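# Coordinates in review
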Amino acid sequence: MVRARPYVVAAALAGMLALAGVVLGRIYADALLVQLVAGAAIGSVGAGLATRRLPSWSAAPVSTVLLIAYVGFGLKVAAGHAAVTTPFATMVRDSLVNGIPRLLTAMIPVESTPDTVVVPMIATWLAGLAAVEVGVRARRVLLGTLAPAGLYAGALYVVGPNEGAAAGPTLGFAALAVIALAISARRAGTPVDVSDNARARTLVGSAAGLVAVIGLAAVVGPWVSGQVGAAPVDPRRYVEPPQVDSLDESPLNRISGWMLAPKQQLFGYKPETAYTGKAKTVKVRLAVLSDYDGVTWRVGGVYRNAGRVLPEQAPIAGADLSEVRQQIVIEGLTGRLLPAVATPTAVSGARVAYDASTGTLIRPEGLTSGLTYTATSRVQAPDLNMLPGAQSPSGDAVIRYLAVSDGVPDSVRRLAEQLAEGNGGSYDRALAIQEFLAEHYRETADAPSGHAYPNLAYFLFGPRGQGGQEGTSEQFAASFALLARLTGLPSRVVVGFDAPAAGGEVTGGDAIAWPEVLFNDLGWVAFDPMPTSDDPTPVEQDFQPKPTTPPTTPPQTSATVDPPSESAAASAAPVEAAGGVSAGVVAGGTSGTLLVLLVVAALVVAYLRRGLRRRRLYDGSPDQRITGAWLEFTDALRLAGQPVPDHLSATEMASYAAEPPAPRRGGLLRRAAPGAVAVLERAAPHKADRKPPEAAAGGAVSETAAAPGPGSAQAVEASRGEAAGTDSAPAPLPPLPPLDQLVEALNTVGFAPGAADPTQADRAGAQALAYAAALRERRSWWRKIWWNVHPGPLRWHR
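Everything numeric in this text was worked out from a predicted model, so none of it was measured. (Residues numbered from 1 in each chain as written. Predicted model: local features only at pLDDT ≥ 70, side-chain atom pairs only at ≥ 80, totals over all residues. Heavy atoms only, no water.)

## Some remarks on the overall build of the protein
On a plain count of helices and strands, the protein comes out with 27 helices and 16 strands. Buried residues in the protein amount to 44% of all 798 residues. Residue pairs in contact within the protein that sit at least 24 positions apart in sequence constitute 80% of those at least 6 positions apart. With an accessible surface of roughly 39,800 Å², the protein has 60% of that area assigned to carbon and sulfur atoms. (Helix = DSSP H or I, 4+ residues; strand = E, 2+ residues; numbered from the N terminus. Buried < 20%, exposed > 50% of the residue type's maximum accessible area, 1.4 Å probe, protein only. Contact = heavy atoms within 4.5 Å. Areas by Shrake-Rupley, 256 points an atom, 1.4 Å probe, with all protein chains shown as cover.)

Shown next as structure tokens:
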């Protein structure tokens, strides 16, 4: 029995370590983690047991060499299991560096990949080494169980609230600890010291131990009892998940850019399962936008690193289920968002992060041309015959999909009330909104981007022929979702593509956005508000905005009017002066007074303008100063007689400012969207870029951005040539200063409020002042004077 005691204790310790792997393996998608942890437990305890008769200093080096070998073996097995093709040395380095954050940010169920198994393997081996050295070599079994107990507690902490109570493994862990302690107890027949000193020491030690136990129970007991029913803390909330930039957070802004380049190849779509449907296209989802703040629809998701297996969505009762496997080959698509048929349940070929609440996929490293991956999607087709009687949920569970921020235009609210009137059912209201949009609006590929409140109000009620009542799927889907929320329907916007059902290239012209409404027992149902006719009915025929307050009728008065009397006529006749100051003196004095008043007014305006510029550029936070610099830039264009069209993004406005369009004879350039001015003039950051770089910098260029204007050398020299009556053109003027840092700063304010720094604000202000000064120098002498005393900037942005 004495000889077998070390082996029994070692076996108990190894079993305790393996049970920690069983607890942790509950959040893994497969059993590989449990197997690797059990191997590490047996290897570390076995190595310690084999070297127990060697000098104690030799145990650690031997165990370390074996640990390195075992970790390399385990990573190789995990890489093959997860189909990781990264070179072995790179894979090992990446796993060791990023093992802990990836384990804590991984989507549950966690796939057994090299970077999610390396930390449990190493921790188990080190705990086993400590346990066998203390419990077997030093024969302090109770202290030796502390290392397995710490590993077990760490496994429970990592699992957190994502699994239920581990009652079975915990009882097994306690049983193994009892066995190890029992086998190490003193055998019967062993001599015992029964002297008085020994008895006294035993009594004192027992009393001290009893007091310590009672005190510990009194102090810790209430806290332990309070934690029994509490939910465990999830350590993942302390780790920042992968982040995305503004274009990936709101890809709805990219629709107009893709529509301007309809032949640009974005990705290839190849179904690997036989397609049995009748439709020629299949919708490939890019992102689900659930949050709207009156300016931008956003994903608003929390991405977690995921393996090949993704969490499955809750099944819909009575829905037809089908599995779609598709291969995606990225070509011209940029950003981080990964397209896939809804809803993906597995992805292979690319490391992904996943937002479980929306089903949106990203690749944290970003997309690259040639990236190829395979997605497996679970498609649920609910019984749409149940729609007419279906109702939408309400309450806190769907508050996210019903939220509407302040500032909704009154005309939009009245339209929502009109569409909801007489439609008590949820489906009836959704259908009324869909039919209204489909029958009254026109789809236009080159419509400007934007879905803030002013943009949608102009889309819904703006005059035809001037940009109103026409747009891309961006405006149709955003308007539907907003009207749906105003009528009490939980809604969201989805951005994706119409891909060829049989496979093929997906281009910019295939980009589309559509709205979805949530119904009880049916889930999210897509609607199609796109036009059904090339000649839509004018909105004015079916919707007349009601005035906010009814007009008052003036009181009726008698229609008879007495003719003026002769005395009144006589009194109204001019009175001839019988003498006094001459007319010349009066005229001269009046002219002098007016001149003095004009000079004083000009000085006052110039002083106020200077104070306004100083407050804009040097007072307040960096965000406020950048906004002020943008206002200085737009004021300079307006002072030059060329206000910027409202629909342009910040990058487009910078391109416009470099060569703004020339004014027409007899007036200023007609505004493209007079109803949407408030976005820029009330809050300049809202003018941040709303188009992807490929749409703003490349592809088709609009006439607005291409025409020469007052700041350009062509317009200035043309006007000089006309004034001189000659055909000769002087040497061209130098180009206007760049605005790249101003645009970059504005985009930072618009999409990452609070992230700008004072240096960025200084650069933005310097560029705005340099541009304004250069634009002023191209004016004639009297226009330069008028530039400094023009009162417009004092009232334009009130």
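## Notes on the sheet that holds strand β1 (residues 265-271)
Pairing within the open sheet is antiparallel, and its 5 strands lie in the order β7-β10-β6-β1-β14. In this open sheet, the two edge strands, each paired with only one partner strand, are β7 (344-348) and β14 (504-507). Ignoring which end each strand starts from, the neighbouring axes of this sheet average 30° apart. The pairing of strand β6 (residues 320-330) with strand β10 (residues 372-381) spans 10 bridges and is antiparallel. Looking at β10, one finds that Q326 is bridged to A375. (Pairing = 2+ DSSP bridges. Axes fitted to C-alpha atoms, helices over the stretch in contact; angles between N-to-C directions.)

## Re helix α19 (residues 622-639)
Since the α-helix advances by 3.6 residues per turn, residues separated by three or four positions end up pointing in the same direction. Taking 1.5 Å as the rise per residue, α19 with 18 residues should run 26 Å; its terminal C-alpha atoms sit 25 Å apart, in good agreement. Counting buried residues in α19 gives 15 out of 18 residues, a clear majority hidden from the surface. Positive backbone phi, approximately 90°, marks G641, located one or two places after α19. (Expected span 1.5 Å × (residues − 1).)

## Remarks on the side chain of S426
Summarising the element assignment, S426 is placed in helix α13 (residues 426-440). Given the relative accessible area of 2%, S426 is considered buried. Those residues in contact with S426, other than ones at most four positions away along the chain, are A390, Q391, S392, L489 and F519.

## Regarding the packing of aromatic side chains
Within this structure, the stated rule accounts for 16 aromatic pairs. With centroids separated by 4.6 Å and ring planes inclined at 10°, the aromatic side chains of Y292 and W297 adopt a geometry described as stacked. Neither residue differs from the other here; Y292 and W297 are each classed as buried. Members of the aromatic cluster, connected to one another through ring pairs, are Y427, F480, F519 and F527. The aromatic ring of W514 is capped on one face by K283, whose charged end is 5.2 Å from the ring centroid. (Phe/Tyr/Trp six-rings, centres within 6.5 Å; stacked < 30°, edge-to-face > 60°. Lys NZ or Arg CZ within 6 Å of the ring centre and 35° of its normal.)

## A word on a nonpolar patch on the surface
Judged by side-chain polarity, V596, V600, V604, Y607 and L608 come together as a nonpolar surface patch covering roughly 480 Å² of accessible area. Among the secondary structure elements, V600 is positioned in helix α18 (residues 583-618). Judged by its relative accessible area of 45%, V600 is partly exposed. (Patch = residues over 30% accessible without salt bridge, like charges linked within 9 Å, V, L, I, M, F, W, Y side chains within 5 Å. Salt bridge = Lys/Arg side-chain N within 4 Å of Asp/Glu carboxyl O.)

## Some thoughts on the sheet that holds strand β15 (residues 511-519)
In spatial order, the strands read β2-β13-β15-β16; together these 4 strands make up an open sheet with antiparallel pairing. A single partner strand is all that each edge strand has here, and the edge strands are β2 (281-289) and β16 (523-526). Strand-to-strand twist in this sheet, taken as the mean axis angle between neighbours without regard to direction, amounts to 40°. In this structure, β2 lies alongside strand β13 (residues 491-500), joined through 8 bridges in antiparallel fashion. Bridging from a neighbouring strand, V284 pairs with F497 of β13.

## Digging into the pairing of β6
Pairing geometry for β1 and β6, over 5 bridges, is antiparallel. Bridging across to β6, G268 finds its partner in V329.

## A word on the confidence of the model for the protein
Averaged over every residue, the pLDDT of the protein is 80; residues scoring 70 or more account for 78%. A low-confidence stretch, residues 546-580 stays under pLDDT 50, and its non-local contacts, those more than four residues away or across chains, total 3 contacts. Under a pLDDT of 50 for its full length, residues 661-729 has, in the predicted model, 152 contacts with residues more than four places off or in other chains. (pLDDT = per-residue confidence, 0-100.)

## Considerations on the nonpolar core
L252, W258, F267, Y269, L333, F497 and F519 are the most contacted members of the largest nonpolar core, which totals 79 residues. If you look at the next biggest cluster of nonpolar residues, it comprises 51 residues, including A10, L19, V23 and V45. (Core = buried A, V, L, I, M, F, W, Y, C linked by side-chain atoms within 4.5 Å.)

## Things to note about the pattern of salt bridges
Scanning all chains against the criterion turns up 14 salt bridges. Its salt-bridge partner being E272, residue R325 comes within 2.8 Å of it at the nearest N-O pair. Taken together, the positions of R325 in strand β6 and E272 in the loop between β1 and β2 put the pair 53 residues apart, joining distant regions of the chain. Since its relative accessible area comes to 31%, R325 is described here as partly exposed. Taking relative accessible area as the criterion, E272 reaches 35% and is therefore assigned partly exposed.

## Things to note about empty space enclosed by the protein
Evaluation of the coordinates by the stated rule reveals 2 cavities of 30 Å³ or more. Reported here for the second largest cavity is a volume of approximately 60 Å³. R285, L286, A287, V288, L338, A340, P344, G359, T360 and L361 together form the lining of the second largest cavity. Looking at the lining of the second largest cavity, the elements with two or more residues in it are β2 and β9 (360-362). A per-element tally of the lining of the second largest cavity places β2 first, with 4 residues. Here the lining of the second largest cavity is built from residues that sort into 7 nonpolar, 2 polar and 1 charged. (1 Å grid on protein atoms, 1.4 Å probe; cavity = no way out; pocket = protein on both sides within 12 Å on 5 of 7 lines; lining within 4 Å. Points joined across faces, edges and corners; volume = space filled by probe spheres on them. Nonpolar A, V, L, I, M, F, W, Y, C, P; charged D, E, K, R; others polar.)

## A short note on α13
Taking 1.5 Å per residue as the helical rise, α13 with its 15 residues ought to reach 21 Å, and the 22 Å between its terminal C-alpha atoms agrees with that figure. Here α13 lies mainly inside the structure; 11 of its 15 residues are buried. Buried within α13 we find S426, Y427, R429, A430, A432, I433, Q434, F436, L437, A438 and H440.

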